[in-house]
Amino acid sequence: MALDRAQWMDAGCRMALAAFLHDLGKLAERAGVFARDPAIESNRQLYCPYHRGKDGGWFTHLHAAATALAFDHLEPWLPDLVAGDPRPFAPRGGEGGDCDPTDSLINAAAAHHKPDTFLQWCVATGDRLASGFKREQFADYNGKRDRDHHVRTRLLVAFEAYGKAKAAQEDDLRWRYPLASLSPRALFPVRDAEPDVKMAQANYVRLWDALLAGAKQIPVSHRACWPLFVDHLDSLWLSVAHAIPSATAFDVCPDVSLYDHAKTTAALAVAMWRYHAERGDDAAAVARRLKDRDDYDDKKFLLIQGDFCGIQDFIFGAASLTQKGAARLLRGRSAMVALLTELAALRVLDDLALPATAQIINAAGKFLIVAPNTPDVKAALAMVRQRLDDWFLKHSFGLASIALAATEACGRDFLTKGEARGFKGLLDRLGEALDDAKSRRFGLCGQTAPAAIRDTDFANGVCHLDGRLPATVEDPESGGTRWAHPFSLDQRTLGRLLADRDYSRLLVFDAAAGGLRDNTGLLRSDIFGYRMLLTRDEEASGSFGEFARAGTLRRAFDLSLPLDGDAPLWHGIARRPINAHVPVFRDGAEDDRRYDGLKETAKTGDIKTFEHLARDDQEDRGDEGLYGVTALGVLKGDVDNLGLLFRTALGDNPTFAKWAALSRRMNAFFATWLPWRCHDDARYRNVYTVFAGGDDFFFVGPWRTLKDFAGTVRQDFAQYGAENPKLSFSAGFIMVKPGHPLRLLGDAAEEALAHAKARTGKNAIHLQGRTLEWREYDMLRERGTALATLVDEHALPTAYLHDVLALCDMAAKVKDRPQNARWRSLLFYRTRRYLRDVSGTDAALAAIIQEIGERGIGRMQAKYRIVVSDQLYTVRG
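Residues numbered from 1 in each chain as written. Predicted model: local features only at pLDDT ≥ 70, side-chain atom pairs only at ≥ 80, totals over all residues. Heavy atoms only, no water.

## Details of the overall build of the chain
A count of helices and strands for the chain gives 30 helices and 22 strands. In terms of overall dimensions, the chain has a C-alpha envelope of 100 × 75 × 55 Å along the principal axes. Burial status across the chain gives 58% buried among its 877 residues. Restricting to contacts in the chain with at least 6 residues of sequence separation, those with at least 24 account for 71%. On the chain, roughly 34900 Å² of surface is accessible, and the fraction owed to carbon and sulfur atoms is 48%. Both charge centroids of the chain, one from 115 positive and one from 117 negative side chains, sit 4 Å from each other. (Helix = DSSP H or I, 4+ residues; strand = E, 2+ residues; numbered from the N terminus. Buried < 20%, exposed > 50% of the residue type's maximum accessible area, 1.4 Å probe, protein only. Contact = heavy atoms within 4.5 Å. Areas by Shrake-Rupley, 256 points an atom, 1.4 Å probe, with all protein chains shown as cover. Lys, Arg positive; Asp, Glu negative; His and termini not counted. Charge placed at Lys NZ, Arg CZ, Asp CG, Glu CD.)

## Considerations on the packing of aromatic side chains
If you walk through the whole model with that rule in mind, you get 44 aromatic pairs. Here the aromatic rings of Phe-544 and Phe-547 are separated by 6.1 Å at their centres, their planes lie at 45°, and the arrangement is tilted. Ring geometry for Phe-585 against Tyr-595: centres 5.9 Å apart, planes inclined by 75°, an arrangement best described as edge-to-face. With Phe-585 in the loop between strand E14 (574–575) and helix H21 (610–613) and Tyr-595 in the loop between E14 and H21, this pair connects stretches of sequence that are 10 residues apart. Given the relative accessible area of 3%, Phe-585 is considered buried. (Phe/Tyr/Trp six-rings, centres within 6.5 Å; stacked < 30°, edge-to-face > 60°.)

## Considering helix H29 (residues 842–860)
Between its terminal C-alpha atoms H29 stretches 25 Å, which fits the 27 Å expected from 19 residues at 1.5 Å a residue. A maximum bend of about 30° is found in H29 at Gly-853. Those residues of H29 hidden inside the fold are in contact with helix H26 (774–794), helix H27 (798–812), helix H28 (823–837) and helix H30 (864–875). Of the residues one or two after H29, Gln-861 is the one with positive phi, at around 50°. (Expected span 1.5 Å × (residues − 1). Bend = angle between axes of the 7 residues up to and from the residue.)

## Overview of the side chain of His-276
With respect to the element layout, His-276 can be found in helix H11 (residues 258–279). Polar contacts involving the side chain of His-276 include one to the side chain of Lys-300, which spans 3.0 Å. Those residues in contact with His-276, other than ones at most four positions away along the chain, are Phe-118, Asp-281, Val-286 and Lys-300. (Polar contact = N/O pair within 3.5 Å; in protein donor to acceptor, adjacent residues only side chain to side chain.)

## Focus: the state of the cysteines
Taken as a whole and judged by the stated rule, the model has 0 disulfides. We note that Cys-13 lacks a disulfide partner, and the nearest cysteine sulfur, in Cys-225, lies 7.9 Å from it. (Disulfide = S-S within 2.5 Å.)

## A short note on the packing of H11 against helix H23 (residues 656–680)
Interhelical geometry of H11 versus H23 gives an angle of 125° and a closest axis separation of 9 Å. When the axis of H11 is compared with that of H23, the two are oblique. Judged by the twist between their axes, the crossing of H11 over H23 is right-handed. Counted together, Tyr-259, Asp-260, His-261, Thr-264 and Leu-268 of H11 and Phe-656, Ala-657, Ala-660, Ala-661 and Arg-664 of H23 form the full contact between these two elements. Considered class by class, the residues forming the contact of H11 with H23 number 6 nonpolar, 2 polar and 2 charged. (Axes fitted to C-alpha atoms, helices over the stretch in contact; angles between N-to-C directions. Parallel < 35°, antiparallel > 145°, perpendicular 65-115°, else oblique. Left-handed = near helix turned anticlockwise from the far one by under 90°. Nonpolar A, V, L, I, M, F, W, Y, C, P; charged D, E, K, R; others polar.)

## Observations concerning the sheet that holds strand E5 (residues 301–309)
One open sheet accounts for 4 strands, arranged E6-E7-E5-E8; its pairing is antiparallel. Each end of this open sheet is capped by a strand with a single partner; those strands are strand E6 (359–363) and strand E8 (401–409). Along the sheet, successive strands turn relative to each other by an average axial angle of 20°, direction set aside. Here E5 pairs with strand E7 (residues 366–372) via 7 bridges, running antiparallel. Residue pairing in the sheet places Gly-306 in a bridge with Phe-367 of E7. (Pairing = 2+ DSSP bridges.)

## Overview of the pattern of salt bridges
Counting across every chain of the model gives 59 salt bridges. Taking the shortest distance from any N to any O, the salt bridge between Asp-566 and Arg-185 comes out at 3.2 Å. Taken together, the residues span a long stretch of sequence, with Asp-566 in the loop between strand E13 (553–558) and E14 and Arg-185 in the loop between strand E3 (175–176) and strand E4 (190–191) at a distance of 381 residues. Residue class for Asp-566 comes out exposed when judged on its relative accessible area of 52%. Two residues, Glu-776 and Lys-863, come together in a salt bridge whose shortest N-O distance is 2.8 Å. Linking Glu-776 in helix H26 with Lys-863 in the loop between H29 and H30, this pair joins segments that are 87 residues apart in sequence. Three or more residues are tied together by salt bridges with common partners; here these are Arg-677, Asp-681, Arg-683, Asp-708, Arg-714, Asp-716, Asp-778 and Arg-781. (Salt bridge = Lys/Arg side-chain N within 4 Å of Asp/Glu carboxyl O.)

## Comments concerning the packing of H23 against helix H24 (residues 703–720)
One way to put it is that H23 packs onto H24 with a least axis distance of 11 Å and a crossing angle of 135°. In terms of their interaxial angle, H23 and H24 are classed as oblique. Taken as a pair, H23 and H24 cross one another with a handedness that is right-handed. Where H23 approaches H24, its residues Arg-665, Met-666, Ala-668, Phe-669, Phe-670, Trp-673, Leu-674, Arg-677 and Cys-678 are matched on the opposing element by Phe-709, Thr-712, Val-713, Asp-716, Phe-717 and Tyr-720.

## A short note on the confidence of the model for the chain
When pLDDT is averaged along the chain, the result is 89, and 93% of the positions lie at 70 or above. Low pLDDT, under 50, characterises residues 134–147; the predicted model gives this stretch 43 contacts beyond four residues in sequence or across chains. (pLDDT = per-residue confidence, 0-100.)

## Examining unusual backbone geometry
Residue Pro-88 follows Arg-87 across a cis peptide bond; omega there is 10°. Structurally, the position occupied by Pro-88 is in the loop between helix H4 (63–74) and helix H5 (105–110). At Glu-723, a residue that is not glycine, the phi angle is positive and equals roughly 55°. Mapped onto the elements, Glu-723 comes out in the loop between H24 and strand E20 (729–736).

## What about the sheet that holds strand E18 (residues 688–693)?
The strand order across the open sheet formed by 6 strands is E18-E19-E17-E20-E21-E22, and the pairing between neighbours is mixed. The sheet is open, and its two borders are formed by E18 and strand E22 (770–773), each paired with just one other strand. Taken over all neighbouring pairs, the strand axes of this sheet differ in orientation by 15° on average, direction set aside. The sheet contact formed by strand E17 (residues 632–639) and strand E19 (residues 696–702) spans 7 bridges and is antiparallel. Counted as the bridge partner of Leu-635 is Phe-699 from E19. Here H23 sits on the sheet and contacts E17, E18 and E19; the angle it forms with E18, its principal contact strand, is near 160°.

## What about the environment of Phe-698?
With respect to the helices and strands, the residue Phe-698 is situated in strand E19. For Phe-698, a relative accessible area of 0% puts it in the buried group. Considered as a pair, Phe-698 and Leu-635 are 63 residues apart in the sequence and their alpha carbons are 5.7 Å apart. Setting aside anything within four residues of it in sequence, one finds Phe-698 in contact with Phe-316, Val-634, Leu-635, Lys-636, Tyr-688, Thr-689, Val-690, Phe-691, Leu-745, Gly-746 and Ala-749.

## Thoughts on the environment of Lys-263
Among the secondary structure elements, Lys-263 is positioned in helix H11. Classification of Lys-263 as buried rests on a relative accessible area of 7%. For the pair Lys-263 and Trp-237, spaced 26 residues apart in sequence, the C-alpha separation works out to 9.5 Å. If we skip the residues at most four places from it in the chain, Lys-263 touches Phe-20, Asp-234, Ala-356, Thr-357, Gln-359 and Ile-360. Of note is the side chain of Lys-263, whose polar atom sits 2.9 Å from the backbone oxygen of Gln-359.

## Topic: the pairing of E8
Burial of E8 is extensive: 7 of the 9 residues sit out of reach of the surface. Pairing of E5 with E8 involves 9 bridges; the strand directions are antiparallel. Residue pairing for E8: Leu-303 is matched across the bridge by Thr-407.

## Things to note about H27
For H27, with 15 residues, the first-to-last C-alpha span of 22 Å sits near the 21 Å given by 1.5 Å per residue. Along H27, the residues classified as buried are Tyr-800, Leu-801, Val-804, Leu-805, Leu-807, Cys-808, Met-810 and Ala-811. Buried residues along H27 sit against H26, H28, H29 and H30.

## What about the pairing of E17?
Within E17, 8 of the 8 residues are buried, which leaves the element mostly enclosed by the surrounding structure. Here 8 bridges tie E17 to E20, and the two strands are oriented antiparallel to one another. Within E20, the position partnered with Lys-636 by the bridge is Gly-732.

Here it is in structure tokens:
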């Protein structure tokens, strides 16, 4: 099949639609949408396997019949499936096409359990490989009856099975995901959540209605652009199907969502179709080989990984980064990391003519794309790699980059146990390939310095926002007195607009597109051949239709932060969790005494500066003045033993779909839940997100608030992981003054995190020179609250607290110095003496000794210093 790139793209999107929604009937069937539709019986004859037994005959996989009918209900809000070029499918009427006349899009989707033609077998084989089925397993699965309780079955939680001594059976697992549209709270599993049939079906009806209503929200003009529409549909299907179990019948474990199964099926099916189509293989012969599975050793797939190298240096490494405007600039740089990764993946998809569903993961600076393993694709990928390298050499001098790695794979690589090769082996090869690519960045070995570095013009000095880059344009905010690099100005603009809730949409245009007017939200830089525009909701949905119809609007993203913990995260276009929470000034900030004397005024709606955040934990006591130190907290952490988690949480039968689901779930906690937690919980609205996604996070905030936030994140993560004690993260916490050089924050926080990770078993936090288990940290939080109460009730002076600090050190060294056991008597003596001076009671003495002596120093020794020090920080003005 000879097609140009645009034709390959549109044809691939049509193929992706058929494979992506091949199980659409599972939602419709469980909702009972077609229970009384007479057409369902004829569709069973067409699409459902029929089996005979002692009790007569029966159809299985009834959802396949419902898939065909469900497409009819959805078709009014899909791109036109009739007009124009329908490739790779046959035209309506079956005449004039270059494929089997029965090869319609709907037939390819619905016939995956009863395939006949090449395109139907592509979808069916994608379905099998995504599930890791071998042929005999699939034949057995294909011939079993539905179990009665399949509508009630809920999706299992992979985190619950992690670390168990033996493979957990479904009945041994108590946690399930609630059957609801994607929202911050719906991300969390609940215990024993399997309702009766009536309630379960009502949940499915709500999801079916949400799908139809959501499809109507996609802008009409965007349906004229296949790549744009498929990306929107991806987010809509995620919203609807993220917690729908893909397999609920027979003895198959319901541990993969309908969305993750659909996504991996579509990626494999499109790559398989494209592989054979580019080669011009005989469709009928390929269908026979797919049926007999005698081509499972053919390396048809190319798995492309991208990895942003140098994230921390990109965010913090600018030597000239000043305190003024630092919060806004850091927010912009962090978001730019996510956008650069997003645009790099888009460049791969566009230049290889692949739909959005080919991109399996994109989180924390990493992505994976499934492509066909053909010479043209490899050549196009080499050109993309060169384009990315050239851009990063010019804009970062090679301090940051995106490494691209390509790994060939065959069908057998996606199978589960029982194979010499298999999916575990494929994961190992992917890791090795990426490590190799990262070690070969820019291909500089044996070359002279690239021209992008050698010929850089510093005639105007260095950029005042990033001293590593040349200054080439005047900074409009400086009144013409300072110069900057356009990319640095884009980062600052991005940070400012992301804090403005009105700018909740990001549009990505082909850089060559004409007609883009200068706009407040239009970024200056051409990034990999794209321009970005931050805009308002109503503008995104209506003002750029001409660009969508012309195909120059390549992506439209919803970046809005959730405003309701239960509201669906679907607003009519593709969603990306890029816009993290940042603290902003609220009404009345102008009159807050804590901010007196600061140069930058507090203006409602603006991002708080770090100087303001450092004062937010101070307490205004009226005539007594302000209490508490001015300090920032910095918190950095990541999930423990991530590699082991991915090797073992997938169970004895790891599959592509399970792996994709686990990656998505892990990222969602950090990228979706934590920003919502900061927004929703008034205690944490002053927590500033530098980055959060993948398996790690970096926060800055008022020191005391951030300490409390660390414990809350740990508690949330425990619930998110089905209270499995094997699943944990470690963190490092440091306190700094607001004037601390920001470029040093990352290194200092990383060092603290390394101390926490050095503890046997990890699962710890390092702060103030000590490493604590999270259990100990929770105890310290409780003791801190109790000590604060004692200080308030009995007016304990700072001198007394300093004495307690010394006693903590004595208690910690009793084994080395037995005479230090006097700490108890010294505590009693000093406490009684103080209370005698203030007419304290024996009851007060007993309460203080019990709290500080027994629950505090007695149990924690030197670690109790953290509690006492924090109390001193809160009373120091």
